[in-house]
Amino acid sequence: MAKNDYSKYFTKPSIRDARKRKSKDTEILDFNNYFNVKGLGKNRTFKIETYGCQANEADTEKIKGILTELGFSESAILEEADLILLNTCAIRENAENRVFGELGRLKQYKRNNPDLILGICGCMPQEEKVVNRILQKFPQVDIVFGTHNLFKLPEYLETVILSKERVIEVFSEEGNIVENMPRIRDNSKKAWVNIMYGCDEFCTYCIVPYTRGKERSRLPEHILKEVQELIKEGYQEVTLLGQNVNSYGNDLKNLDYRFKDLLNDLYEMDIPRVRFTTSHPKDFDEETVKIIAKGGNLMPYIHLPVQSGSNVILKRMNRKYTKEQYIQLVDWIYEYIPSASITTDIIVGFPGETREQFEETLDLVRKCEYEGAYTFVYSPREGTPAATYEDNVSMEEKKQRLYELNELINDGYLKGTKRFEGKTVKVLVDGFSKNNDEILAGYTENNKLVNFTGDSSLIGKIVTVKVVESKTWFMLGEQID
Ligand code: 5AD
Ligand code: SF4
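Let me sum up the structure you'll find in this document. Keep in mind it's a predicted model, so treat the numbers as computed, not measured.

## Some words on the overall build of the protein
Along the protein, the regular secondary structure elements total 13 helices and 22 strands. In terms of C-alpha radius of gyration, the protein reaches 23 Å, essentially the compact-globule figure of 23 Å for 481 residues. Judged by the C-alpha coordinates and their principal axes, the protein covers about 65 × 55 × 50 Å. The buried share among the 481 residues of the protein stands at 55%.

In structure tokens form, the structure reads like this:
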């Protein structure tokens, strides 16, 4: 749709600038001040493809909210949409390759429909090399914006639609907080609630601190108001989102309110389930464990990425904890919350990881009794320190390590479901199972998938179920009462 000349919007990102952390206070912007082109989407449809983590899923809900306010409606079929946006992930190379493949495929839609607007947003555009590749190889892309400026989408669409100019605008600055964004949530019972944005950890393998800016916490009153509204709308579960939820509030100057306070306040509220992700072991202390141990709506499920079981590798990853400190935390969790389920993230094949160091990771996995894990082969990310580290481990060896690790993790999954066999669990029912529309599917407090027979009136409710059989990835149950 757009001509090849650029609009007034042409700003490329820079990894060097994205690394900077100034002491400038975070600004809180009001979305309503950026929203002055209502009606622009009348008689137009959109489709968004989302890649990556929950932060992206939450952003997609905001983009859908903006587009709906503009008058767009969601198209059921990708090919028929007037606007296609790819909300992308930069965490590993294979995620990026999928997006470039998809952009190539979407070229043909553009041929069939020259008015189609094609956009890319999210984490990938925060990388200069990605923007350069789009400029060189993908002239069919009309809009490129990053994670810091999705609130300006109305302006960008106005430029592309009315002036037929291309928009490339990606900021590398540390980022602000934008409140009052409209939102079309994906699920009517379970909601993501951002409690903070960005990351200040700079783990040496990770691109996130560059793509999502500095760590900045939302004000408690904004978070609690959002949860209050969700309760009014009948939501049953909130998941608090942040790259390191345990450091929530550290940047709130003049305010002594931290993650523990937030958990305590939510514990008092009328929302049946509170979850949070992601926890960083270095900031997760004994007192936080004790608060979660109060139970109630604070769910006994903790995702606690360890990344490696070797102190040498942890140090080179800049994780800022030792294996011993991590195990201490896990011990507290099992001591104060005996029913807890813990899952983790692990990277194998970090540059220079020896066989012995990998085996330390296997030992740690056995010790921590994880009931699940996301496991990855290390993927170098340009601009991060680890991308420059010497690596003498072959890809074949890395894949072998991943295989061995996954075998062990799968044992943990099965043990984690087996321990519930014959027990009674509470299931928040999501809907019918994918393969059978007489069987309901939902998640327990420990985040285990359960299938059981029941009718549609149970969808969205918390139902008591007896587990009759446990498989590795799910449990079969029967409704009681
Ligand atoms: N290579 C492989 N895995 C990575 N992760 C983050 N960066 C990389 C990388 N460069 C993993 C970490 C993190 C999860 C979200 O993704 O395990 O916890
Ligand atoms: Fe990446 Fe580490 Fe921040 Fe997680 S805590 S987003 S792994 S830098």
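There's more to say after this.
## Things to note about the pattern of salt bridges
Throughout the structure, instances matching the rule amount to 37 salt bridges. For E74, the salt bridge goes to K47, with nearest N and O atoms at 4.0 Å. Of this pair, E74 sits in strand 4 (residues 73–74) while K47 is found in strand 3 (residues 45–50), placing the two residues 27 residues apart along the sequence. E61 is the salt-bridge partner of R183, the closest N and O atoms lying 3.2 Å from each other. With R183 in the loop between strand 9 (177–179) and strand 10 (190–194) and E61 in helix 2 (residues 54–69), the pair connects residues that are 122 residues apart, well separated along the chain. Judged by relative accessible area, E61 falls into the buried class, the value being 5%. Look at the salt bridges and you will find they share partners, linking E61, E179, R183, R185, R218 and E226 into a network.

## Some remarks on the site of ligand 1
All residues adjacent to ligand 1 are I91, R92, Y205, Q307, D345, I347, F376, V377, Y378, S379 and R381. Among the elements of the structure, strand 16 (341–348) and strand 17 (373–377) are those that each provide at least two residues to the shell around ligand 1. Taken together, the residues of the shell around ligand 1 sort by class into 6 nonpolar, 2 polar and 3 charged.

## What about the site of ligand 2?
Taken together, C199, E201, F202, C203, Y205, C206, V208, P209, Q243, H280 and R319 are the residues near ligand 2. Classifying every residue of the shell around ligand 2 gives 7 nonpolar, 2 polar and 2 charged.

## A few points about the packing of aromatic side chains
Within this structure, the stated rule accounts for 11 aromatic pairs. With a centroid separation of 6.4 Å and an interplanar angle of 85°, the aromatic rings of Y248 and Y257 are classed as edge-to-face. Overall, Y248 belongs to the buried group, its relative accessible area being 0%. Judged by relative accessible area, which is 12%, Y257 ranks as buried.

## Some details on the sheet that holds strand 13 (residues 237–241)
Reading across from one edge, 10-13-14 is the order of the 3 strands in this open sheet, with parallel pairing throughout. Bordering the open sheet on either side are strand 10 and strand 14 (273–277), each of which pairs with just one other strand. Neighbour-to-neighbour, the strand axes of the sheet open up by a mean angle of 25°, direction not taken into account. The sheet contact formed by strand 10 and strand 13 spans 5 bridges and is parallel.

## Observations concerning helix 11 (residues 323–336)
Taking 1.5 Å of rise per residue, the 14 residues of helix 11 would be expected to cover 20 Å, and the 20 Å separating its terminal C-alpha atoms lies within 8% of that figure. Those residues of helix 11 that are buried are in contact with helix 9 (286–292), strand 15 (301–303), strand 16 and helix 12 (355–368).

## Side note on the sheet that holds strand 20 (residues 449–453)
An order of 18-19-20-22-21 is seen for the 5 strands of this closed barrel, with the pairing classed as mixed. For this sheet the average axis-to-axis angle between neighbouring strands, irrespective of direction, equals 50°. With 5 bridges joining them, strand 18 (residues 424–433) and strand 21 (residues 462–470) adopt antiparallel strand pairing. Bridge pairing links V425 to V465 in strand 21.

## Re the side chain of E237
Counting through the fold element by element, E237 comes out in strand 13. Within the structure, E237 has its side chain in polar contact with the side chain of R275 (distance 3.2 Å). E237 has contacts with K189, K190, A191, I271, R273, R275 and L428, leaving out every residue within four places of it along the chain.

## Focus: the nonpolar core
Membership of the largest hydrophobic core comes to 56 residues, with the highest contact counts inside it found for L240 and L262. Apart from the residues lying within four places of it in its own chain, the contact partners of L240 are V193, I195, V245, F259, L262, L263, L266, V274, R275, F276 and T277. One finds I15, A81, M124 and I168 within the second-largest nonpolar core, a separate group that totals 31 residues.

## Brief notes about the pairing of strand 14
Burial analysis of strand 14 places 5 of its 5 residues in the buried class, the great majority of the element. Side-chain alternation along strand 14 places R273, R275 and T277 on one buried face and V274 and F276 on a second face that is also buried. Sheet topology note: the strand 13/strand 14 ladder contains 5 bridges and is parallel. Note that in strand 14 the partner of E237 across the bridge is R273. Running through helix 8 (residues 259–267), the crossover from strand 13 to the neighbouring parallel element strand 14 is right-handed.

## Overview of the packing of helix 7 (residues 220–232) against helix 8
For the pair helix 7 and helix 8, interaxial distance at closest approach is 11 Å and the crossing angle is 25°. Classified by the interaxial angle, the pair formed by helix 7 and helix 8 is roughly parallel. Relative to helix 8, helix 7 is oriented so that their crossing is right-handed. In contact with I223, L224 and V227 of helix 7, helix 8 contributes L262, D265 and L266. Grouping the constituent residues of the contact of helix 7 with helix 8 by class yields 5 nonpolar, no polar and 1 charged.

Parameters and conventions
Residues numbered from 1 in each chain as written. Chains lettered and ligands numbered in written order. Predicted model: local features only at pLDDT ≥ 70, side-chain atom pairs only at ≥ 80, totals over all residues. Heavy atoms only, no water. Helix = DSSP H or I, 4+ residues; strand = E, 2+ residues; numbered from the N terminus. Rg over C-alpha atoms; globule rule 2.2 N^0.38 Å. Buried < 20%, exposed > 50% of the residue type's maximum accessible area, 1.4 Å probe, protein only. Salt bridge = Lys/Arg side-chain N within 4 Å of Asp/Glu carboxyl O. Near = heavy atom within 4 Å. Nonpolar A, V, L, I, M, F, W, Y, C, P; charged D, E, K, R; others polar. Phe/Tyr/Trp six-rings, centres within 6.5 Å; stacked < 30°, edge-to-face > 60°. Pairing = 2+ DSSP bridges. Axes fitted to C-alpha atoms, helices over the stretch in contact; angles between N-to-C directions. Expected span 1.5 Å × (residues − 1). Contact = heavy atoms within 4.5 Å. Polar contact = N/O pair within 3.5 Å; in protein donor to acceptor, adjacent residues only side chain to side chain. Core = buried A, V, L, I, M, F, W, Y, C linked by side-chain atoms within 4.5 Å. Right-handed = clockwise from strand over helix to strand, strands pointing away. Parallel < 35°, antiparallel > 145°, perpendicular 65-115°, else oblique. Left-handed = near helix turned anticlockwise from the far one by under 90°.

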